[in-house]
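What follows is each chain in one-letter form.
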Amino acid sequence: MSKIYFSKEHEWIEVEGDLGTVGITLYAQEQLGDIVFVTLPTVDESFSKGEGMVEIEATKTVAEVYAPMDITITEVNNKLDSEPELINGDPCGEGWIVKGSIKDIDDIGMSYQEYESFIS
């Protein structure tokens, strides 16, 4: 069974065992506006919690997606190379960004209710 967490940097992570899927929240997508380009990491690249791992270019700005935990990338959403707008249409589904092996799920983030309070 998977569980979803949220970071203060507006990433979501769905954790299932020691694997995680990471994307940006609907709130982050709304703040960015139309996404036109995504710079993805490479498979087997590792990131420490809080380290920038993805760059998202939108018509308004450029933003970093930060590692919500220590993670080694096992898969990237290659559809984003040609269809970055998938994040606009479905940031918590088809617009996922990376999947990876996570090292420590302690202190991974907030629950949905905590995140909702944080952004309000």
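Whatever comes next refers back to the structure up there.
The present account deals with the structure reproduced in this document. Everything quoted here is computed from the prediction, not taken from an experiment.

**A look at the environment of Ile71**
Secondary-structure assignment places Ile71 in strand 8 (residues 71-76). On a C-alpha basis, the gap between Ile71 and Gln113 in space is 24 Å, while along the polypeptide they are 42 residues apart. Setting aside residues up to four positions removed in sequence, Ile71 forms contacts with Val22, Glu45, Ser46, Phe47, Met53, Gly100, Ser101, Ile102 and Lys103.

**Things to note about the pattern of salt bridges**
As enumerated under the stated definition, the model contains one salt bridge in all. In this structure, Glu94 and Lys79 form a salt bridge, with 3.3 Å as the shortest nitrogen-oxygen distance. Here the residue Glu94 occupies a position in the loop between helix 3 (86-89) and strand 9 (98-102), and Lys79 occupies one in helix 2 (residues 79-82), the gap between them amounting to 15 residues. Under the relative-accessibility criterion, Glu94 is labelled partly exposed at 42%. Relative accessible area serves as the criterion here: at 43%, Lys79 is assigned to the partly exposed category.

**Some details on the sheet that holds strand 5 (residues 46-47)**
Here we have six strands laid out as an open sheet, ordered 1-2-3-9-8-5, and antiparallel in their pairing. Looking along the sheet, the strands with just one partner apiece sit at the ends: strand 1 (3-6) and strand 5. In the sheet, strand 1 pairs with strand 2 (residues 11-16) via four bridges, with the strands oriented antiparallel. Within the sheet, the bridge partner assigned to Tyr5 lies in strand 2 and is Ile13.

**With respect to the packing of aromatic side chains**
This structure, assessed with the given rule, holds three aromatic pairs. A ring pair is formed by Tyr115 and Phe118, whose centres lie 6.4 Å apart and whose planes are at 35°; its orientation type is tilted. Note that Tyr115 and Phe118 are positioned in helix 4 (residues 112-119) at a spacing of three residues, about one turn of the helix. On the basis of relative accessibility, which here comes to 36%, the residue Phe118 falls in the partly exposed class. Grouped by ring-pair contacts, the aromatic residues Phe6, Tyr112, Tyr115 and Phe118 constitute a single cluster. Residue placement shows Lys99 over the ring face of Trp96; its charged tip is 4.8 Å from the ring centre.

Reading guide: rules and limits
- Residues numbered from 1 in each chain as written.
- Predicted model: local features only at pLDDT ≥ 70, side-chain atom pairs only at ≥ 80, totals over all residues.
- Heavy atoms only, no water.
- Helix = DSSP H or I, 4+ residues; strand = E, 2+ residues; numbered from the N terminus.
- Contact = heavy atoms within 4.5 Å.
- Salt bridge = Lys/Arg side-chain N within 4 Å of Asp/Glu carboxyl O.
- Buried < 20%, exposed > 50% of the residue type's maximum accessible area, 1.4 Å probe, protein only.
- Pairing = 2+ DSSP bridges.
- Phe/Tyr/Trp six-rings, centres within 6.5 Å; stacked < 30°, edge-to-face > 60°.
- Lys NZ or Arg CZ within 6 Å of the ring centre and 35° of its normal.

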